[in-house]
Amino acid sequence: MLSQVSRAVRATGRRSYNFASAPYVSTFGNLPTPSFTALRSATLDYLKNDFNADSWHSDPVRSVVNGSDLKNGTTVDTYDAFMRPNGKIVHASKSEVDKIISHINSYTPPLHDLRPNIRRIEDTLLEKYPGLLIGNQAKDFLKQDGVTEIEESIQANLVERRMNDLLFQDEQAGKIDIDRSPAFIGCVSNFSNFLDLFRKVIRNMELGIPCVVLSRSNTTQHSYRWARLLMELMEDEGVDPGMLTYASADLPDVKRIFAASPDTCPSYFTCSRELAAAVKSGHSNSMCSTGGPNTLVAPALTEGVKEAIRFSAMIENSGQCTALRHAVVAGATKEDVESIFDQAPVVTTPEDSLKEGEFAGLFADAPVSQTPEGYAKVESLDAHYKIDKDLPEDGVEEYWRQVFVDVTSADSPLDAGSEKATELAAWLVRNQPITLAVNENLALAKFLFEKTGQVVYTVGGDGSYALTCQARPQEGEIFGEFPVRRDLAKYTKYPVVVPSSTPSYNTLMNQSYLTEKGASDSVEGEGVNVLLDCVQGCVKGYCIELTEYLRDSVGAKEGYGDRTTLWGLQRPPIDGKVTVIRAGNDISSVAAKLIPFVATNARSQVEVSVSSAEVAARLSSIDGLKVTVEDDNVWAARKASDYYNVLDSSDGLGYRQFPLPGHFVSLYLGVGHVKSTKGDDKEFLNMFKDSEKWLEIVAA
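Residues numbered from 1 in each chain as written. Predicted model: local features only at pLDDT ≥ 70, side-chain atom pairs only at ≥ 80, totals over all residues. Heavy atoms only, no water.

A. Here's a closer look at the nonpolar core. Core analysis: the largest hydrophobic core is formed by 129 residues, its most contacted members being Phe19, Leu230 and Leu619. For this core, the leading source of residues is helix α8 (residues 147–172), giving 9 residues. Counting residues in each nonpolar core, the second largest holds 31 residues, with Ala298, Ala360, Val405 and Ala466 among its members. (Core = buried A, V, L, I, M, F, W, Y, C linked by side-chain atoms within 4.5 Å. Buried < 20%, exposed > 50% of the residue type's maximum accessible area, 1.4 Å probe, protein only. Helix = DSSP H or I, 4+ residues; strand = E, 2+ residues; numbered from the N terminus.)

Shown next as structure tokens:
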């Protein structure tokens, strides 16, 4: 496994875990092919013969610190996804919370490299216990198809192992510093096996980073059960029990734990934007993936488009982050929209869904939703819709685990460049869905791709329709749940990309390494040289590192799966709006932020605000860079304008603190993929591969 990536590292010398770099690319491919049938059979066998619902009551969820159970708190009910009691949880007492806090503040991991032990545990989990993992999730979250999650996890885990290997290799070489402060894991309900158990806990622990798994207000049973199983396997492998803590606590005590823990402790959440904002406001070192109003566009409600909307809107009883919330279809009537749900399956139990291969059914006993003002309810089915000529208001409510579809019924199909298509593009930028699916119009798909900043784009039609809920990260279908770009810092420290090395988000470039690089290395390039002449020390080294990273990583890459995929670094939406960077009197504090623009074809999409004519003169020597001289009062008024993004030096990034280049660049530029639902789709490749959206280096 190491040889595959090591060859690429030797060939390029670049930081190889950074998104889209040549060694990052090398971590894909050569993956196992799991048996869906065997995984499903193991799950059904577990549910029939081994699952014990009573144990969730008699053996309640509780805190575990350094291998010891904490049992003296308050016992209350746990709840499934539909808020029905399904077990018991013991919330830690005040003194027990103090023990958790003490452990977080005093524990030092005994080893920095636990890869052999943890990977044997990981293999055991996936070879011996997949039925338990999927089955417990099915019972707790009422997940209809947890098999696909584990199937994809088996492959994606290997890709991210390889990325961790490269990260650790650079730490050993003295180029980076991995922070090993305990990591908080806020479990998601619907994808906890892959995102939490493997991506967050396993990948952190194997590089010697302790983890604290937090309980949830609902669907907490299945994540607690995998945490306990992991602890048992750790004991078998001789892994220190202090490496994994389970914190069973109510919200006030979770906040107390955060407040009493070092700022260097990262937290990882996949959640709503509301929760992400709350977490980030109390814990700045938070990496949060957030949802958004996923959108599908089609010229008409054909039978194929109806099925695509139904599958997308109803996946997991509307319980997946990529579930559709908004459809744009010309001429849609009430009768048309209601007919979308004519074939909607109603399921009784997760076991039945597994047996029947169902993934997008409505549970017969799900709580009945209230019909909000402005929406209509589908007759005899708990699904709701709204039809309007206009786009939904910004910030449309998600309605998690409830089927709601806002239909924008245009008078005629949207065309690339039309007024309505331009309005939709602006709406997508302001609301930032995770995914956009476009059917039956390649030109429109390309127009929206270039004018917006989604992470996941899918193009389909002609019998192979695009859904909003399609992405296989291990095949180059890069995934991420980003907030609106200008508000990103309100929700997360960095955008989180899948696949990536989770420990890398709390890793910094080594400043001695950067200082040496700044003194010994150089790069050529009009614009970049102007910036390098204005900086010194580790800032100069970091600017060189960024430039080298960009030169190694730009351009569209092809994917590795059955669908035709292009992925890579992208420019911000090419819609006329720009990023403005306030430099004041000091170029060195913002030089690194300018590099991703100045070195690439995104140069026209950035402006610089300065308060010094001397600074303006130096920056104005960069061809095509717009520079404005203004005092702080004028700037304070102007920065509220409708810009794509507004930046300054207050966060210290690229000046006092030096994130890994891939994460740093993702704060300002686009990442993700666009794919055709068809294999070997040459028409798609010809249309999209030469798009001006792909990031490229400008001529020196």
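Back to the write-up after that little detour.
B. Local environment of the packing of aromatic side chains. If you walk through the whole model with that rule in mind, you get 24 aromatic pairs. Summarising the aromatic geometry, the rings of Phe19 and Trp567 are spaced 5.5 Å apart at their centres and angled 65 degrees between planes, so their arrangement reads as edge-to-face. Here Phe19 is found in the loop between α1 (2–12) and α2 (22–26), whereas its partner Trp567 is found in strand β24 (residues 564–570), with 548 residues between them in sequence. Neither Phe19 nor Trp567 differs from the other in exposure class; each is buried. A centroid spacing of 5.4 Å and a plane angle of 50 degrees characterise the contact between Phe449 and Trp694, whose relative ring orientation is tilted. With a gap of 245 residues between them, Phe449 in helix α17 (residues 442–451) and Trp694 in the segment after α26 (682–688) connect regions that are remote in the sequence. Trp694 sits in the buried class, given a relative accessible area of 1%. (Phe/Tyr/Trp six-rings, centres within 6.5 Å; stacked < 30°, edge-to-face > 60°.)

C. The sheet that holds strand β27 (residues 626–629), seen in detail. Strands sit in the order β27-β26-β25-β28 across an open sheet of 4 strands; the sheet is parallel. Each of the sheet's edge strands pairs with one partner strand only, and the pair in question is β27 and β28 (645–647). Across this sheet, the average inter-strand angle for adjacent strands is 20 degrees, counted without regard to direction. (Pairing = 2+ DSSP bridges. Axes fitted to C-alpha atoms, helices over the stretch in contact; angles between N-to-C directions.)

D. Broad picture of the side chain of Thr245. Counting through the fold element by element, Thr245 comes out in strand β8 (residues 244–247). Judged by its relative accessible area of 2%, Thr245 falls in the buried class. Thr245 has contacts with Val64, Val65, Ile100, His103, Cys211, Val212, Val213 and Met231, leaving out every residue within four places of it along the chain. (Contact = heavy atoms within 4.5 Å.)

E. Geometry of the pattern of salt bridges. Counting across every chain of the model gives 46 salt bridges. Where Arg430 meets Asp394, a salt bridge forms, and the shortest distance between an N and an O atom there is 2.8 Å. Linking Arg430 in helix α16 (residues 419–431) with Asp394 in the loop between β16 (383–388) and β17 (403–408), this pair joins segments that are 36 residues apart in sequence. Under the relative-accessibility criterion, Asp394 is labelled partly exposed at 43%. Between Glu630 and Arg638 there is a salt bridge, and its shortest N-O distance comes to 2.6 Å. Considered together, Glu630 and Arg638 belong to a single accessibility category, that of buried residues. (Salt bridge = Lys/Arg side-chain N within 4 Å of Asp/Glu carboxyl O.)

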